[in-house]
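# A closer look at the structure
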2 protein chains.
Amino acid sequence: MPAVTDNGSGPDGSAPDGDAGKARAVPEAAVARLAVYLRVLTTMAEQGAVTVSSEELSAAAGVNSAKLRKDLSYLGSYGVRGVGYEVGVLTEEIERILGLTRQHKVAVAGIGNLGHALANYGGFPGRGFPVAALFDVDPDLIGVPVGGIAVSHLDDIPAVCAERQVSIGVIATPPGAAQVVCDRLVAGGVECILNFAPVVLHAPEHVQVRKVDLAVELQMLSFHVASRDAGNPADGGPVSVTSAGTGVLSRASSNGEVV
Amino acid sequence: MPAVTDNGSGPDGSAPDGDAGKARAVPEAAVARLAVYLRVLTTMAEQGAVTVSSEELSAAAGVNSAKLRKDLSYLGSYGVRGVGYEVGVLTEEIERILGLTRQHKVAVAGIGNLGHALANYGGFPGRGFPVAALFDVDPDLIGVPVGGIAVSHLDDIPAVCAERQVSIGVIATPPGAAQVVCDRLVAGGVECILNFAPVVLHAPEHVQVRKVDLAVELQMLSFHVASRDAGNPADGGPVSVTSAGTGVLSRASSNGEVV
DNA sequence: AACTGTGAACTATTTCACAGCC
DNA sequence: GGCTGTGAAATAGTTCACAGTT
């Protein structure tokens, strides 16, 4: 029962989800895009936009307008026919559906290059994801503040996470340590895990696991180059322009670099 | 015509791809998984495995066996009925289809926290992706070697990339600089781009663009937590356990941390 | 006249289930 | 008997195209 497995909705394709209330089930693919729309909307709001049409917003988000409208329709009807969407309203609705109205404390395990970068990032995407705990095994690091938070030992993950009410665990350890760290995060009560380690994690079903894998990304790019060079003139078939559906870090350091 | 847009195969759904030769068109989703199988196979080979069944391999990769077999069938028929797959053969075939038989030189633009981590990583996933150039705007960084390679100025991207035959550009700059950097990478002849900056990039169609977005990942996790807490008892509907389909960094630093 | 919301058609992806081979 | 390869069925996701609203 690995959580990483894409076991759809389980064996039963049932669950007619008689959702009486608001939003109907939002497809996974749409959720990823909603996060992108949110970012675009924020930018637009900063530039003083009050309303947007599906055409404008979709262009800025790099999707087609029908898809955008369909995605937004999962939230309910917040647009005005003949006019468009109110930037403020849409922003709020997306934040609501994405659960951004509450804080999600983040713990980062593995303070190597990447972990360090994440820790220094101090406070993920536009508030809402404060880094609350850091973990490593290196004795030289324990107790040292990184990005304002003292590093604790990996052994203390369960206790510290429970105490600080961490809800998201980020694994940036080497592959060998990832599963143990995962288990401890789960023991500490985290609700979801973002895994940067190149291993398939096994976690209980109630824990959401997502992974970010640089090797996979590069190899997918390699595949596209290869399939263009190879046989068929155009790589055009089922495979072409892609988007990982995942995004990136958001603020600049003193040097103006990401993370 | 933004390359990041998931504009399928373009307006024409045609291209019956009369692939005479080997592999039939490999679906995008399968490509991502092939990279994972490859990693698992490598691990198994190290442990002395000579053959694997679809059951074993799929379990280790966190997918179901039917999916694995279907994925492998895109490569051709390299299994033996009643027996399984030869680890060595399968490894080679996957490497071939992913285009890992040739080197892909990588350039990293934006030597901030993340860029630094990537540069130090020195040589991405199991050879095949050597870092050949680094770029930044910071005068204090220009000329300084990071992970063995001197940092060049962003202005020199086209020249340096062309000269060093870079085929993959990694963007780790702040969002504001990303599009310019992208344009320069394209001018320098890179064939694909991995974008860590939280912006929608516009690139010519022949350039593959993939993005990795931490904000999106976190917000997707947030969504799942929210939808569990909220209305419906189980989050079960169409949305449940997920995998970004992307993976991670691969080697450990002296401290044993990823990247 | 401009623009949203959405059923219906289409395409992609996953899963089933079983024929065929060792 | 165990296991692969794959059509066919089921499910998920995208795009069309147009009715409905302001």
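Residues numbered from 1 in each chain as written. Chains lettered and ligands numbered in written order. Predicted model: local features only at pLDDT ≥ 70, side-chain atom pairs only at ≥ 80, totals over all residues. Heavy atoms only, no water.

As named in an unreviewed UniProt entry, chain A is Redox-sensing transcriptional repressor Rex, taken from Haloechinothrix aidingensis. The heading Subcellular location (unreviewed entry) in the UniProt record of chain A holds the text "Cytoplasm". Per its UniProt entry, chain A bears the Sequence similarities (unreviewed entry) comment "Belongs to the transcriptional regulatory Rex family." (UniProt positions renumbered as here; feature names shortened; annotations may be inferred.)

A few words now on the protein's contact with DNA strand D. DNA strand D sits among 26 residues. The nearest are Arg33(A), Lys67(A), Arg81(A), Ser54(B) and Tyr85(B). In DNA strand D, atoms within 4 Å of the protein come 62% from sugar and phosphate. Note that a phosphate oxygen of DNA strand D is positioned 3.5 Å from one of the side-chain N or O atoms of Lys67(A). At a separation of 3.4 Å, a base nitrogen of DNA strand D approaches a polar side-chain atom of Arg69(A). Going through the elements one at a time, α1 (28-46) and α3 (65-73) of chain A together with α3 (65-73), β2 (79-80) and β3 (84-86) of chain B are the ones with two or more residues in the surface near DNA strand D. In terms of residues, the surface near DNA strand D owes the most to one element, α3(A), which gives 4 residues. (Near = heavy atom within 4 Å. Polar contact = N/O pair within 3.5 Å; in protein donor to acceptor, adjacent residues only side chain to side chain. Helix = DSSP H or I, 4+ residues; strand = E, 2+ residues; numbered from the N terminus.)

Near DNA strand C there are 27 residues, and of these Ser54(A), Arg81(A), Tyr85(A), Arg33(B) and Lys67(B) occur at the shortest range. Here a base oxygen of DNA strand C sits 3.1 Å away from a polar atom, N or O, in the main chain of Gly82(A). Mapped by element, the contributors of at least two residues to the surface near DNA strand C are α3, β2 (79-80) and β3 (84-86) of chain A together with α1 (28-46) and α3 of chain B. If you tally residues by element for the surface near DNA strand C, the top one is α3(B), at 4 residues. Counted by class, the surface near DNA strand C contains 8 nonpolar, 8 polar and 11 charged residues. (Nonpolar A, V, L, I, M, F, W, Y, C, P; charged D, E, K, R; others polar.)

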